[in-house]
Amino acid sequence: MNFFNRIYREKITIERMVAIYCNEQKHEKNGKLCAECSDILAYGLLRVERCKFGKKKPVCNKCTVHCYKENYKIKIKEIMCYSGPRMLKHSPLLAIMHLVDRKFYQPK
C-alpha cells in the first residue's frame, strides 16, 4: 500500500467502507459486493479520481464542492456514517490516516 499517495489512500478507504457496509448489512454474496454497493463504489472511485482538488483533496465531509449526484450522495453518506466508526476495528491504519487527512487537507 502506498500510504503517501493521498488519492490512492482515499480510494482504498472508500473501498473498505463500502465493503464493511455491504458485508454487515448482509448484501454481500460469496465475498463479493452486491450490485448496488458495487455501483456506489464505482461511482465513488470515479469521483475521487476526477476531483478538482487533486492531491489536495479534502475529506468528503469537509469539501466545499458537492460532486455526487443526489441519489449517490444520500447512499454514500449512509455508508460513511455506518462504516466510519467501524473503520478503527476493521482498518485502524486507514482510520487514523483519514483523521490526519481531515486535519491537514482543508478546503480553501
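Residues numbered from 1 in each chain as written. Predicted model: local features only at pLDDT ≥ 70, side-chain atom pairs only at ≥ 80, totals over all residues. Heavy atoms only, no water.

## Some remarks on the packing of aromatic side chains
- On inspection of all chains with the given rule, the structure shows three aromatic pairs.
- Where Y21 meets Y82, the ring centres are 5.7 Å apart and the plane angle is 85 degrees; that geometry is what we call edge-to-face. Taken together, the positions of Y21 in helix α1 (residues 6-24) and Y82 in helix α3 (residues 70-83) put the pair 61 residues apart, joining distant regions of the chain. Y82 shares its class with Y21; the two are buried.
- The interplanar angle of 65 degrees and the centroid separation of 5.4 Å between the aromatic rings of Y43 and Y68 together place this pair among those described as edge-to-face. (Phe/Tyr/Trp six-rings, centres within 6.5 Å; stacked < 30°, edge-to-face > 60°. Helix = DSSP H or I, 4+ residues; strand = E, 2+ residues; numbered from the N terminus. Buried < 20%, exposed > 50% of the residue type's maximum accessible area, 1.4 Å probe, protein only.)

## Details of a nonpolar patch on the surface
- A surface patch of nonpolar side chains, amounting to about 400 Å² of accessible area, comprises L88, I96, V100 and F104.
- Sort the elements by how many residues they give to the nonpolar patch and helix α5 (residues 92-104) lands first, with three residues.
- The exposure class of I96 is partly exposed, given its relative accessible area of 45%. (Patch = residues over 30% accessible without salt bridge, like charges linked within 9 Å, V, L, I, M, F, W, Y side chains within 5 Å. Areas by Shrake-Rupley, 256 points an atom, 1.4 Å probe, with all protein chains shown as cover. Salt bridge = Lys/Arg side-chain N within 4 Å of Asp/Glu carboxyl O.)

## Some points on the packing of α1 against α3
- Packing of α1 against α3 leaves a shortest axis separation of 9 Å and a crossing angle of 85 degrees. As summarised for this structure, α1 and α3 are arranged roughly perpendicular, according to the angle between their axes. In this structure, α1 contributes M17, V18, I20, Y21 and E24 to the contact, and α3 contributes K75, E78, I79, M80, Y82 and S83.
- The residue inventory of the contact of α1 with α3, partitioned by class, reads seven nonpolar, one polar and three charged. (Axes fitted to C-alpha atoms, helices over the stretch in contact; angles between N-to-C directions. Parallel < 35°, antiparallel > 145°, perpendicular 65-115°, else oblique. Contact = heavy atoms within 4.5 Å. Nonpolar A, V, L, I, M, F, W, Y, C, P; charged D, E, K, R; others polar.)

## Examining the pattern of salt bridges
- A full pass over the atoms with the stated rule returns six salt bridges.
- Salt-bridge contacts for K75 lead to E36; the nearest nitrogen and oxygen are separated by 4.0 Å. Taken as a pair, K75 in helix α3 and E36 in helix α2 (residues 35-49) lie far apart in primary sequence, 39 residues in all.
- Classification of K75 as buried rests on a relative accessible area of 15%.
- The salt bridge partner of K73 is E70, with a shortest N-O separation of 3.8 Å.

## Considerations on the confidence of the model for the protein
- Per-chain confidence: the protein averages 85 in pLDDT, with 93% of residues scoring 70 or above.
- Across the protein, the secondary-structure element scoring lowest on mean pLDDT is α5, at 82, and the one scoring highest is α2, at 94. (pLDDT = per-residue confidence, 0-100.)

## Comments concerning the layout of surface pockets
- Counted as a void, the largest pocket has a volume near 840 Å³.
- Forming the boundary of the largest pocket are 32 residues, of which V59, C60, N61, M80 and H98 lie nearest the centre.
- Listing elements by their share of the lining of the largest pocket, those giving two or more residues are α1, α2, α3, α4 (87-90) and α5.
- Of the residues forming the lining of the largest pocket, the biggest block, five residues, is contributed by α3.
- The residue makeup of the lining of the largest pocket, split by class, is 19 nonpolar, five polar and eight charged. (1 Å grid on protein atoms, 1.4 Å probe; cavity = no way out; pocket = protein on both sides within 12 Å on 5 of 7 lines; lining within 4 Å. Points joined across faces, edges and corners; volume = space filled by probe spheres on them.)

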